[in-house]
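Here are the chains, one letter per residue:
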Amino acid sequence: MSLMDAVGPKLLTRLLDEHGAAFVLYAQQWCDTPEDVVQEAFLRLMRQSEPPENVVGWLYRVVRNGAISASRTAGRRRRREAVVAHRREPWFKRSEADRLDATEVTRALEELPREKREVVVARLWGGLSFAEIARLTGTSTSTAHRHYEASLAALRERLGVTCPKTNRTET
Amino acid sequence: MSQDESNRDVTGRRPDEELPPELEAIEGELRSLRPRDDRLDRERLAFLAGQSSVIGRPTGRGAAARWAWPGACAGMTAVAAALSVALVVRPEPRVVERVRIVKVPVRAQVDESSRAGAHRVAAAPSDASRPASRSRVESRGGLARRLGRSGRPGQADWSRFGSRGEYLETLDRMLARGMDPWGEPGAESKRQPRLKASTSHAPPPYREWLKTMLDDQARVDRPTGPNYRGGSS
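Residues numbered from 1 in each chain as written. Chains lettered and ligands numbered in written order. Predicted model: local features only at pLDDT ≥ 70, side-chain atom pairs only at ≥ 80, totals over all residues. Heavy atoms only, no water.

Novice: Quick question: what am I supposed to make of the overall build of chain B here?
Specialist: Within chain B one finds 10 helices and 0 strands. Starting at the N terminus and walking to the C terminus, you meet the elements of chain B as α-α-α-α-α-α-α-α-α-α. Burial analysis of chain B (233 residues in total) assigns 27% to the buried set. Sequence-distant contacts, at least 24 apart, represent 52% of the contacts inside chain B between residues at least 6 apart. When the accessible surface of chain B is totalled, it reaches about 16,700 Å², and 56% of it is carbon and sulfur. (Helix = DSSP H or I, 4+ residues; strand = E, 2+ residues; numbered from the N terminus. Buried < 20%, exposed > 50% of the residue type's maximum accessible area, 1.4 Å probe, protein only. Contact = heavy atoms within 4.5 Å. Areas by Shrake-Rupley, 256 points an atom, 1.4 Å probe, with all protein chains shown as cover.)

Novice: Would you explain a nonpolar patch on the surface in this entry?
Specialist: Judged by side-chain polarity, V85, L87, V88 and V89 of chain B come together as a nonpolar surface patch covering roughly 430 Å² of accessible area. You can see V88 of chain B is positioned in helix α4 (residues 60-89). (Patch = residues over 30% accessible without salt bridge, like charges linked within 9 Å, V, L, I, M, F, W, Y side chains within 5 Å. Salt bridge = Lys/Arg side-chain N within 4 Å of Asp/Glu carboxyl O.)

Novice: So what exactly am I meant to see when it comes to the packing of aromatic side chains here?
Specialist: Think of a pair of aromatic rings as described by two things: how far the centres are apart, and how the planes are tilted against each other in angle. Residue and element names in this part refer to chain A. The final tally for this structure, using the stated rule, is 6 aromatic pairs over all chains. The interplanar angle of 75° and the centroid separation of 5.9 Å between the aromatic rings of F23 and F42 together place this pair among those described as edge-to-face. Separated by 19 residues along the polypeptide, F23 in helix α2 (residues 9-27) and F42 in helix α3 (residues 34-47) bring together distant segments of the chain. Just as F23 is buried, F42 falls in that class too. Ring centres of F92 and W125 lie 4.7 Å apart, and the angle between their planes is 40°; this geometry places the pair in the tilted category. Within this pair, whereas F92 is found in the loop between α5 (76-88) and α6 (102-111), its partner W125 is found in the loop between α7 (114-124) and α8 (130-137), the two being separated by 33 residues in sequence. Each member of the pair, F92 as well as W125, carries the same accessibility label: buried. Clustering of aromatic rings is evident, with ring pairs tying together F23, Y26, W30, F42 and Y60. The ring centre of F130 lies 4.4 Å from the NZ or CZ of R123, which sits over that ring. Here the basic side chain of R123 rests over the ring of Y148, its NZ or CZ set 5.9 Å away from the ring centre. (Phe/Tyr/Trp six-rings, centres within 6.5 Å; stacked < 30°, edge-to-face > 60°. Lys NZ or Arg CZ within 6 Å of the ring centre and 35° of its normal.)

Novice: I would appreciate a short explanation of helix α2 (residues 21-31) of chain B in the present structure.
Specialist: Think of an α-helix as turning once every 3.6 residues; residues three or four places apart then point the same way. Considered for burial, the residues of α2 of chain B that qualify are L23, E24, A25, I26, E27, E29 and L30 of chain B. Each element contacted by the buried residues of α2 of chain B is listed here: α6, α7 and α9 (141-159) of chain A.

Novice: Looking at this model, I keep getting lost on the pattern of salt bridges. Mind explaining?
Specialist: All names here are of chain A. Scanning all chains against the criterion turns up 12 salt bridges over all chains. The partner of E118 in a salt bridge is R64, and the shortest N-O contact between them spans 2.5 Å. Here E118 is found in helix α7, whereas its partner R64 is found in helix α4 (residues 55-73), with 54 residues between them in sequence. With a relative accessible area of 3%, E118 lands in the buried category. In this structure, E111 and R158 form a salt bridge, with 2.9 Å as the shortest nitrogen-oxygen distance. With E111 in helix α6 and R158 in helix α9, this residue pair connects regions lying 47 residues apart in the sequence. Accessibility expressed as a relative area gives 33% for R158, which makes it partly exposed. Within the structure, one salt-bridge network assembled from shared partners comprises E104, R107, E111 and R158.

Remember that the coordinates give geometry; whether it matters functionally is a separate question.
What follows is the structure, given as structure tokens:
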């Protein structure tokens with residue numbers, strides 16, 4: 001019996017709603033075709049006879065492996081063309097309420113080293129803990145935390161975000 | 001609830017994961033951004049998921065049928081490879097040498113002068129009808145008796161053979177088989193007094209035997225021989 005038989009399409013819909021976009025953004029850190037990688041990861045999940053203990057963590061691992069594999073098989077020319085094309089469209093939805101510009105954030109993220117950018121994406125938009133990120137990337141928790149802090153500092157400097165004075169003291 | 005989860009605050013962060021205030025600000029700003037969700041084709045993904053749950057899952061006879069041809073192909077490939085290797089590394093065929101004795105019937109030369117002993121030739125079975133063991137090998141003592149006690153061709157008892165031709169044929173046959181036609185068990189020292197001078201312990205070489213036999217043969221062929229019948233044989 002597959003996972004589709006056990007849980008049905010409800011689980012698939014919920015995972016897509018809550019994590020689909022984050023999976024695509026995470027896979028985009030390596031390859032040019034993140035949609036195919038995420039789709040294949042979901043299909044692999046549906047073929048499992050029993051659901052993994054941590055479905056989201058399992059999916060992040062499968063997406064990461066698939067994206068790395070796809071980046072290795074893609075040609076250099078194709079990668080270069082895709083990178084140029086992706087730079088023109090931001091990774092995030094445009095919203096008037098956001099203080100940050102989606103295009104600027106995308107460019108700032110692209111300037112980060114891949115191992116640090118991976119931690120930021122998994123933490124901010126994937127919602128993973130540092131322990132999960134450490135297991136996912138094969139590093140220690142402290143290393144993941146250090147990468148996260150360093151990346152935030154670099155993004156803050158790059159985007160020019162000021163520190164509000166009423167942050168932690170009032171809460 | 002594990003200890004790791006109990007140590008987290010309301011934001012899901014552990015105390016050692018706290019960030020400086022300036023980084024918390026940029027973290028909040030970045031978290032407010034939403035990744036694009038229009039890149040994933042949900043309908044197609046749902047369709048493929050349903051399709052794979054039905055078609056892509058081989059069960060029962062379907063699974064066996066799916067692996068039947070690949071398995072057969074792999075098996076035959078393995079057999080072909082094994083036979084190819086065996087063909088290359090097989091050992092050379094072993095050559096077996098077998099000595100086969102072909103019986104050739106010998107026509108006995110009947111001597112007119114020895115008609116008296118013709119009944120013996122007629123009574124004795126021929127080589128073809130004689131048992132193989134007897135025709136091939138004759139006991140040493142028996143031949144010595146037929147050849148005479150002295151063991152010399154010149155002193156042979158011709159009457160024990162059907163003819164002189166049979167006698168010579170017997171000699172040739174025995175010499176061809178490496179047998180001593182004049183030998184007699186226990187009489188080696190008496191039969192070879194001449195050769196003892198040259199070889200005291202070892203048997204005389206074949207050439208000396210041949211020379212002796214030829215000398216004896218020449219003595220027999222002399223007209224003064226005791227069994228000479230005037231060359232009519």
